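Understanding the architecture of this molecule
This is what each chain is made of:
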Amino acid sequence: MTPVQTEVPQRRGTPQDSDGTPVVSVRKLWKVFGPKAERVPDSEELCGLTRRELMDRTGCTAAVRDVNFEVSRGEVFVVMGLSGSGKSTLVRCLTRLIEPTAGEVVFEGEDIRGADHKRLRELRRRKFSMVFQHFGLLPHRRVLDNVSFGLEIRGMSKAERTKRAMEVVELVGLAGYENSYPDQLSGGMQQRVGLARALAGDPDVLFFDEPFSALDPLIRRDMQNEVIRLHHEVGKTMVFITHDLSEALKLGDRILIMRDGKMVQCGTGDELVGAPADDYVREFVKDVPRGDVLTLRWIMRPAEPDDALDGPELGPDVVVKEATRAVLAADKPVKVVENGKLLGIVGDEEILAVVAGQEGDM
Amino acid sequence: MTVAMEKPEKTKTAERAEPAEGVRRVSRGMVVAAILVVWLVLFAVLRGKQTLSLAAADLTDLHRWLNDVNDSVGANRNSNPLFLYFFNEIRLVIDNLVTFVQSLISQPTGARPVPQIGWLGVVGVAGFVSWAVGNWRVALLAVAGFTFMGLQGLWQESMDTLALTLSAVFVALLFAIPLGVWAGLSDRFNRIMTPFLDFMQTMPTFVYLAPLTLIFLIGGASATIATVIYAAPPAIRITAHAIRSVPETTVEAAESLGATRRQSLLKVLLPMSKRTVVMGVNQTIMAALAMVTIAALIDAPGLGKTVIQALQSLDVGTAFNAGLAIVIMAIVLDRVTTAASGREEAARRSGSRFLTWRRPLLGAGAVVTAVLIYMSHTYVWAAEFPGEGDIGSSIARAADTATTWTQDSLSGLTTAFRDAISTGLLNPFQSLLTESPWWLVGAALIGLGAVLGGWRAGATAAVCVGLLLATGVWSDSMTTLASTMVATIMVMALGIVFGVWMGRSMLVDRLLRPTLDAAQVMPPFVYLVPFLALFGATRFTAIVAAVVYAAPVAMKIIADGVRNVPAATVEAATSAGCNTWQIITKVQLPMARSALTLATNQGLIYVLSMVVVGGLVGAGALGYDVVAGFSQGQLYGKGLAAGLAIVLLGVMFDRITQAAARRTSA
C-alpha cells in the first residue's frame with residue numbers, strides 16, 4: 001500500500017509561499033517506543049512487520065512509521081486518523097515534545113532533530129506553538145496571565161506582554177474575561193484561551209492536537225469557524241490533528257490519513273472522496289455528502305461529438321453542490337472550462353448521480 | 001499515629017490463577033484449623049513449660065550488653081570522632097534551634113525572667129498569621145484557643161509544646177519538601193524513597209525514641225529529631241504525589257512554549273501543587289504535635305509531660321486538663337492549615353473585591369501585631385499570662401468529680417464489661433500464648449504465616465520469631481501479642497459494623513466521617529484519659545484506648561471497600577431477591593475482602609503503635625518495659641529490646657496480612 005500523494009491544487013485562495021519552499025517538511029519519520037527502538041527503522045525486515053508482529057518480536061510499538069509530507073506556508077494541513085493511529089505522536093515529534101526515532105523534520109530549512117536544547121527552546125518560544133486537546137491551562141493564573149505565559153517565559157517585560165496578550169485576547173473573542181480564572185470558563189472559552197496563548201508569541205506554525213474533541217458539537221462548530229476566521233485574519237501555517245473527518249474536510253487544505261502509524265493517503269478533500277487510495281479510506285469517506293466535497297473536475301465526462309457545446313461555462317473547481325442549480329436549470333450540458341480550454345462537460349445525469357448518491361463504481 | 005496515610009494496594013500480582021481456587025481455599029482453612037487444634041492439644045499437655053518468662057527486674061545478657069553500650073556511648077560521647085564531628089554537631093544545631101524558639105515564646109533566657117515574647121504577642125501573632133494564611137474565622141479560633149490554654153493555667157507548657165512542634169516542623173519541611181519535589185520529578189528517586197517511607201511510617205513511634213536517646217541524649221534535641229523522622233514522611237509523600245498529579249498536558253504545554261526545566265518547575269509544577277503540598281504540611285504538623293507529646297517520655301518539655309506525670313500518679317483531673325489543651329492546640333493547628341490550603345481558591349471565589357483591600361489590611365494587621373509583640377516584650381502584664389489558671393483547676397476538679405461519679409455509679413457496668421472481655425477473650429488468649437512452650441508458639445506463628453501469606457511471609461515470620469527470642473522478652477511479647485489480638489478483634493468488629501453501615505448509607509457516612517477524622521488527628525495520649533477514668537489503670541484501659549485509636553482507620557477502609565462494590569452487582573443481587581442481610585454477607589463483604597484484610601493490617605499496626613502508650617496506664621508487658629527503660633538506667637537495655645520486640649511483632653503481622661491481602665485480591 002503506497003501512499004498516494006497528489007499535487008496541491010489551490011483552494012480558497014490559500015496564499016502560496018513566494019519561493020515555494022515548504023515551511024515544514026517531514027521525511028521518513030519514525031517513532032518507535034520500546035527497548036532498543038532505534039534498530040527498527042534501520043532493519044528492512046522489521047519495517048515490514050505489522051504492529052502486532054513487531055510487538056511480539058521485539059516488544060516495541062511503532063507509533064509513527066515512515067511518514068513523509070510537506071506543509072506549505074499559509075496552508076492548513078490536517079492529519080486524520082482514529083485513536084491509536086499515531087497522529088498525536090506524529091505532531092509531538094514535529095516539535096520534539098516526543099523525540100523521533102529516525103527521519104528528518106525540516107523547519108524553514110533547518111533540521112529540527114539536529115537542534116540542541118537551547119536552539120529547540122528558542123524555536124518553541126518564537127517559531128511554533130501548540131494547542132492541546134485538554135487545554136493545558138494553568139488554573140492558578142488569570143486568563144491574561146495564561147495567554148502571556150509564553151511571553152513571560154521568553155523574558156518579555158510585564159507591560160509589553162500584557163499589551164500583547166490583551167490584543168490576542170480580543171482577537172479570539174475573550175475580551176471582558178481577561179481577569180477570570182480558567183475554571184470559571186466553559187470548555188469552548190478555555191480552548192479560546194489555549195488558542196490565544198498559542199497565538200500570543202506570533203509563531204510561524206500552529207500545531208493543533210485534537211483541540212476540539214473535548215468540546216460538545218455546537219461549541220465545536222463555533223470553534224472550527226473561529227479557526228477558519230483566524231486563518232483568514234492572521235494567515236498562519238497550521239498543522240491540525242483530528243479524528244473527525246468532517247472537521248478535516250471543513251478545515252483542511254490537504255489531509256493526511258494515518259492508520260497504524262503509516263500514512264495511507266495524502267491529498268485534498270475532494271481527492272480523498274473522489275479517489276480513495278484503498279478500502280480503508282473508502283470506508284472512511286463513505287458517508288461524506290459527496291456533493292459538498294467533489295468538484296466538477298471529478299464528475300465531468302469528455303465531450304462527445306453529439307453534445308451541444310453552447311451551454312453555460314463553469315470552472316473545474318466549482319463544488320458540485322454549488323453547480324447543481326446552474327446545471328439543472330440549463331437545457332444544455334454545462335461546459336467545464338479552465339483558462340479557456342474545454343476540459344469536459346457535465347450534464348443533469350452526472351449531477352444527479354452525485355447528489356442522489358448513485359455514482360457506483362468510483 | 002503510625003500510619004498517616006492509608007497505603008493503597010500496590011501490585012496485584014496474580015500469584016497463581018489455578019482453576020481449583022475454591023478447593024485450595026477450603027484446604028487452606030483446614031490447614032489453619034489443624035494448626036490451631038495441634039497447638040491446643042500440645043498446650044494442654046505442655047502448659048507452663050519452657051515459657052521463657054522473665055520477671056520485671058530481671059535482665060538477660062543482651063540487656064546488660066545494651067546497658068554497657070549505653071554507658072560506653074555516654075562515656076565516649078565527647079571523644080569518639082563520629083560523635084564529636086557528626087552526631088554532637090547535629091544535636092547542637094537542633095538544640096540551638098529549639099532553645100532559640102523556646103526563648104522566644106516559652107522559656108526565660110538570661111536576665112529576663114520571662115520569654116522574649118509574652119502571651120499577648122503570641123496570641124497576636126497566632127491570630128495574624130492565621131488570618132494571613134487562612135481567613136478571619138480561623139484567626140478567631142486561634143486567638144480563642146490560645147487564650148483558653150492560658151486560662152487553663154498551662155501557658156508555658158503549651159508554648160513549650162508549640163516551640164518543639166514548630167522547630168520540628170521547620171526542620172522536617174526543610175528536608176521533606178525538596179525531597180518530595182525530587183521524588184515527584186524523578187521516578188528512580190521515587191522508587192528508592194518509597195520503601196524507606198513505608199518503613200518509617202509502619203514503625204511504631206516509640207521505636208525511634210530509644211536509639212535516638214542513645215545518640216542524642218535525653219531531652220529536646222532527641223525529641224525534635226524523633227519528631228522530624230516521624231513527621232517528614234507524609235510531607236515527602238504528599239509533595240511527590242502533588243507534583244505527580246499535575247496534568248501532563250499542562251507540563252507539556254509549558255514545554256511546547258519553550259519553558260526550561262526550571263521555569264516548568266517554578267511556574268507550573270510548584271504553583272499547581274501548592275494546595276496539596278499545604279495539605280502535606282498539615283499532616284506534618286499534626287504528626288509532629290502527636291509525636292512531641294509522646295516525646296515527653298524522653299523528657300521533652302510541654303503538655304505531654306504534664307499528661308504523663310498526671311497519668312503516672314493517676315491524677316485524672318490534671319491529665320484531662322492538659323489533654324484538653326493538646327486537643328485544642330491540635331484543632332487550632334489543623335483548622336488553620338486546612339484553611340490555608342483552601343485560601344487562594346476561596347479568595348478567588350469571593351470575587352476580587354477584597355483582594356484590593358487585602359494588602360493594606362495585612363499591613364495594618366502586621367503593625368498591630370508588632371505593637372502587641374512590643375508590649376508583651378516590655379510590660380509584665382502582657383508577658384505573663386494573668387490569673388492563676390482558675391479555669392484549669394475547675395476543669396480538673398470537674399473531671400475528678402466526673403471520674404469519681406462514674407467510678408461510683410457506673411463501676412458495676414464498666415467492671416462487668418471489663419471482666420467479660422478479660423475472662424472471655426483476653427485471659428484465654430494470654431494463657432495460650434504465654435503458657436505454651438516458646439517453640440510451640442513460634443512454630444504455630446510461622447505455620448500460620450506460611451499458610452495465610454505464602455512461603456515468603458512464613459520466612460519473615462521465622463526470622464521475626466528468632467529475633468523475638470533473641471530480645472529476651474519473649475514472654476512479655478506474648479502478653480502484648482494477646483492484648484494486641486484482642487484489641488484487633490474488637491477493632492475489626494467495630495470496623496465491620498460501622499464500615500458496612502457507612503458504606504451503605506451516605507447519610508451515616510457524612511455524619512460519622514468528621515468524627516473519625518477528628519479522632520485520627522488527636523494525639524494518642526488524649527485517648528487514655530477518659531478510659532483511665534472509666535476502667536482504672538489496667539491492661540484493659542490500654543486495650544480500649546488502642547481500639548478507639550485504631551477503629552476509625554478500619555471503619556474508613558471498610559466503608560470505602562463496601563462503597564466500591566459495583567452498584568450493578570448489588571442491584572443484580574437485589575433483583576434476585578436477596579434481603580439486606582444476604583446482600584451484606586454474600587455480596588458486599590466478600591467483594592470487599594481485600595479492604596477487610598487491609599483494614600486488619602492497618603488496625604494491627606495502629607494497635608501496636610499504642611502499646612507503649614498503654615504501658616503508661618498499666619498495660620504491663622512490652623509497653624511497661626519500654627516506659628521503664630526510659631526512666632530507669634538499669635532497665636535501659638531491656639526497654640530497648642522491648643521496643644525492638646514491638647517492631648518485630650509489627651513487621652511480622654504487617655508482612656503476613658499484606659501477603660494475605662495480595663492473595664485475596666489476586
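On a predicted model such as this, the values are computed, not experimentally measured, just so you know.

About the criteria used
Residues numbered from 1 in each chain as written. Chains lettered and ligands numbered in written order. Predicted model: local features only at pLDDT ≥ 70, side-chain atom pairs only at ≥ 80, totals over all residues. Helix = DSSP H or I, 4+ residues; strand = E, 2+ residues; numbered from the N terminus. Rg over C-alpha atoms; globule rule 2.2 N^0.38 Å. Buried ≥ 20, exposed ≤ 12 C-beta atoms within 10 Å, placed from the backbone. Pairing = 2+ DSSP bridges. Domains from an automatic or database assignment. Contact = placed C-beta atoms within 7 Å. Nonpolar A, V, L, I, M, F, W, Y, C, P; charged D, E, K, R; others polar. UniProt positions renumbered as here; feature names shortened; annotations may be inferred. Axes fitted to C-alpha atoms, helices over the stretch in contact; angles between N-to-C directions. Parallel < 35°, antiparallel > 145°, perpendicular 65-115°, else oblique. Left-handed = near helix turned anticlockwise from the far one by under 90°.

Our next topic: the overall build of chain A. For chain A, the count of helices and strands is 17 helices and 14 strands. What you see for chain A is a C-alpha radius of gyration of 23 Å, in line with the 21 Å of a compact globule of 362 residues. Along the first, second and third principal axes, the C-alpha set of chain A runs to 70 × 55 × 40 Å. Taking all 362 residues of chain A together, 43% fall into the buried category.

Once that is clear, we can look at the overall build of chain B. A tally of regular secondary structure across chain B gives 28 helices and zero strands. At 26 Å, chain B has a C-alpha radius of gyration in line with the 26 Å of a compact globule built from 666 residues. Based on the C-alpha atoms only, the size of chain B along its principal axes is roughly 75 × 65 × 60 Å. Of all 666 residues assigned to chain B, the portion counted as buried reaches 50%.

Residues and elements named next belong to chain A. One non-glycine residue with positive phi stands out, namely lysine 28, at about 50°. Position of lysine 28 among the secondary structure elements: in strand E2 (residues 24-33). Residues other than glycine seldom take positive phi values, yet phenylalanine 135 does so here, at roughly 70°. Among the structural elements, phenylalanine 135 can be located in the loop between strand E7 (128-131) and helix H6 (143-147).

Residues and elements named next belong to chain A. Across the sheet, which stays open at both edges, the four strands sit in the order E3-E2-E5-E6 with antiparallel pairing between neighbours. Edge positions in the sheet fall to strand E3 (61-71) and strand E6 (110-111), since each of these pairs with one other strand and no more. Pairing of E2 with E3 involves seven bridges; the strand directions are antiparallel. Bridge pairing links valine 32 to alanine 62 in E3.

Residues and elements named next belong to chain A. In terms of domains, chain A is made up of domain 1 (4-127 + 203-288) and domain 2 (292-355). Here the C-alpha centroids of domain 1 and domain 2 sit 34 Å apart. On the domain 2 side, the residues contacting the eight residues of domain 1 number five residues. Looking at the side of domain 1 that touches domain 2, the element that brings in the most residues is helix H12 (residues 269-274), giving four residues. In terms of residue class, the side of domain 1 that touches domain 2 is built from four nonpolar, two polar and two charged.

Glancing now at the sheet that holds strand E12 (residues 313-314) of chain A. Residue and element names in this part refer to chain A. Pairing is mixed across the open sheet formed by three strands, whose spatial order is E12-E13-E14. In this open sheet, the two strands that pair with only one neighbour each are E12 and strand E14 (341-346). In the sheet, E12 pairs with strand E13 (residues 334-338) via two bridges, with the strands oriented parallel. Residue pairing across strands places glutamate 313 opposite lysine 335, the latter belonging to E13.

It is worth spelling out the pairing of strand E4 (residues 76-80) of chain A at this point. Looking down a regular strand, the side chains alternate between one sheet face and the other. Residues and elements named next belong to chain A. For E4, a buried count of five out of five residues is recorded, marking the element as mostly surrounded by other parts of the structure. Of the two faces of E4, the one lined by Val76, Val78 and Met80 and the one lined by Phe77 and Val79 are each fully buried. As defined by bridge partners, E4 adjoins strand E9 (residues 237-242) across five bridges and the pair is classed as parallel. Residue pairing across strands places valine 76 opposite methionine 238, the latter belonging to E9.

Residue and element names in this part refer to chain A. Alternating positions in E7 separate into two faces, Phe128 and Met130 on one and Ser129 and Val131 on the other, with burial throughout. Of the pairings in the sheet, the one linking E7 to strand E8 (residues 205-209) comprises four bridges and is parallel in character. Across the sheet, residue phenylalanine 128 finds its bridge partner in E8, namely valine 205.

Annotation from UniProt places "domain: ABC transporter" (unreviewed entry) at residues 49-285 of chain A. Split by type, residues 49-285 of chain A is 43% helix and 22% strand. Its first and last C-alpha atoms lie 27 Å apart.

Let us now look at the domain arrangement of chain B. Residues and elements named next belong to chain B. Looking at the assigned domains, one finds that chain B contains domain 1 (23-49 + 59-63 + 396-665) and domain 2 (77-387). Using only C-alpha atoms to locate each centre, domain 1 and domain 2 end up separated by 31 Å. Counting from both sides, the interface comprises 34 residues of domain 1 and, opposite them, 31 residues of domain 2. Of all the secondary structure elements, the ones that give two or more residues to the side of domain 1 that touches domain 2 are helix H16 (390-435), helix H21 (525-535), helix H25 (593-609), helix H26 (611-615), helix H27 (621-631) and helix H28 (636-665). Looking at the side of domain 1 that touches domain 2, the element that brings in the most residues is H28, giving seven residues. Taken together, the residues of the side of domain 1 that touches domain 2 break down into 25 nonpolar, six polar and three charged.

All names here are of chain B. Contact pair helix H22 (residues 539-563) / H25: the axes reach a minimum separation of 8 Å and the direction vectors enclose 165°. The angle between H22 and H25 places the two elements in the roughly antiparallel class. Crossing of H22 over H25 shows right-handed handedness. Facing H22, whose interface residues are Ala546, Tyr549, Ala550, Val553, Ala554, Ile557, Ile558, Asp560 and Gly561, H25 presents Ala595, Leu596, Leu598, Ala599, Gln602, Gly603, Tyr606 and Val607.

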